[in-house]
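Secondary and tertiary structure notes
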Amino acid sequence: QEFPVPEERPQFPGASAEFADRLEFIQPNVISGIPVYRVMDRQGHIVNPAEDPQLPKELVLKLYKTMTLLNTMDRILYESQRQGRISFYMTNYGEEGTHVGSAAALHDSDLVFGQYREAGVLMYRGYPLELFMAQCYGNASDPGKGRQMPVHYGCRQRHFVTISSPLATQIPQAVGAAYALKRGDGSRAVVCYFGEGAASEGDAHAGFNFAATLEYPSKGSAGSSQNIPGSPFPPKPPRIPWPQLPRFPRRIGHHSTSDDSSAYRSVDEVNYWDKQDHPISRLRHHMLGRGWWDDEQEKSWRKSSRRMVMEAFEQAERKPKPNPQLLFSDVYREMPPHLRRQRAALERHLQLYGEHYPLELFEK
Ligand SMILES: Cc1ncc(C[n+]2csc(CCOP(=O)(O)OP(=O)(O)O)c2C)c(N)n1
C-alpha cells in the first residue's frame, strides 16, 4: 500500500506488520508478519471504497456512543477502585472498537463467552449501567449477589455467559456450546473472546482442536495487550463459517488494578495507541467527516453520558450489600449437608460476634 504521508505508515511499536485493505487467507511461509486489515485510516477515511460496509448513521452513532460510554464507565470505576470503594477493576481502554464491532456483527441471541475485558459487548446489548455498577460493588442488586470479583458480569437474557477467572476455561466451554447448537437447529452462533496470554493455556489448544475437528462455524477473538478476537461464530446473515479471526487492538490500560504494565511494556508504545491511533478518535473523525456529528454534540454527549454513569455509580454506592446467607445458595439445586453446616456456623458466629462486623450495611 502507498502512503501519501509518512505518519500514515503502519506503526506498531514492537512489531512489524503491514496494513492490508482486503481480507484474505495467508500462507504463513510467504509473509514476514501478519498484515493488519483495516478499513479506515487514522483520519477516519475509508481506505478502499470497495471495503466500505456502508453502515447506516444510526448504527455508527450507536457504536460511538457505546464505546465512549464504556470509556466513561471505566474511568469512574477505575477511580472508585483507587479510592478504595471497590476491591478490583479491569478497564477496557483501547479495546472498545473490537467489542462493539464484533457485537454488531452478531445476532443478539448469539451466545457470548468472554474472558473478562469485553464489557463493551454486554453494553452494546443494552446491559444497564446500574447492573454493571451493582456487580462491581457486589451490592444487593447484583445478579451474582456479590459472590464474584468485580467485572465478572453475566446476563442470561442477553446471552452473555458469566465470566470466570481461570484463564481460557471459556474456550472449551464455548466450543462445547457451539457443538450443542450445531446439533440443534444451528440458528445461533457462539463467540469466544480470549487474550493472547490465555491462548497459551492447554485449554485453548483443546478448544481449537475440537473446533477444527468438529468443523464449527467458528470465530476466534483474542484480546489483550495484543488482542485477537477468537470464537466459534459466524457473522450476521448470511452466516459464513468464519474461523479464528485475530484482531489487533492494544490494551491501553494496565492489566488490572493489581498491575503496573510499565514493568513489561514501554510507556511510549501505550501512549502511541492512546494518543495517535485510538478506535474512538478514528470513528469520531469519520462521523465528523460525514457530517453526522459535531463539536456541540460531542460536548453534550460527554456531559450527559458522564451524568448517567455518575447517577448509576451513586445509586450503587447507596445500595446495601446482599444478605451474607446468600453466600451459600445457587451452587447446588439442593444445598448439600456440608454447606448447610457452614451456613449454620456463620449464623451462630454472627449472633455471637455480629457487633464486630458492619452488618448494618447488609440486607437482612
Ligand atoms: C489459569 C490462570 N492462570 C493465571 C491467571 C492470572 N491471570 C489473570 S489475567 C492474566 C493475564 C492474561 O493475559 P491475556 O490473556 O493476554 O489478557 P489481558 O489481560 O492482557 O487482556 C493472568 C496471568 C488466571 N486468572 N488463570
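In short, a report on the structure. Values in this document were obtained by computation on a predicted structure and should not be read as measured data. (Residues numbered from 1 in each chain as written. Predicted model: local features only at pLDDT ≥ 70, side-chain atom pairs only at ≥ 80, totals over all residues. Heavy atoms only, no water.)

1. Observations concerning the nonpolar core
- Counting residues in hydrophobic clusters, the biggest one holds 49 residues, and the most contacted among them are M73 and Y153.
- Listed by contribution, the elements that provide at least two residues to this core are α1 (57–82), α2 (96–105), α3 (119–124), α4 (129–137), β5 (190–194), α8 (279–290) and α9 (295–318).
- Ignoring any residue separated from it by four or fewer positions in sequence, one finds M73 in contact with Y89, A119, M123, L129, F132, M133, Y153 and V309.
- If you look at the next biggest cluster of nonpolar residues, it comprises 14 residues, including I171, A177, A178 and V190. (Core = buried A, V, L, I, M, F, W, Y, C linked by side-chain atoms within 4.5 Å. Buried < 20%, exposed > 50% of the residue type's maximum accessible area, 1.4 Å probe, protein only. Helix = DSSP H or I, 4+ residues; strand = E, 2+ residues; numbered from the N terminus. Contact = heavy atoms within 4.5 Å.)

2. Structural notes on helix α5 (residues 170–183)
- The end-to-end C-alpha distance of α5 is 20 Å, a good match for the 20 Å that 14 residues give at a rise of 1.5 Å each.
- Those residues of α5 that are buried lie in contact with β3 (111–113), β5 and α6 (202–213). (Expected span 1.5 Å × (residues − 1).)

3. A short note on the packing of aromatic side chains
- With the rule as written, the count across this model stands at five aromatic pairs.
- Each ring, one from Y127 and one from F132, has its centre 4.9 Å from the other, and the planes form 90°; the classification is edge-to-face.
- Residue classification places F132 among the buried positions, given a relative accessible area of 0%.
- A ring pair is formed by F194 and F208, whose centres lie 5.8 Å apart and whose planes are at 45°; its orientation type is tilted. Linking F194 in strand β5 with F208 in helix α6, this pair joins segments that are 14 residues apart in sequence.
- Under the relative-accessibility criterion, F194 is labelled buried at 4%.
- Of the aromatic side chains, those joined through ring pairs into one cluster are Y127, F132 and Y153. (Phe/Tyr/Trp six-rings, centres within 6.5 Å; stacked < 30°, edge-to-face > 60°.)

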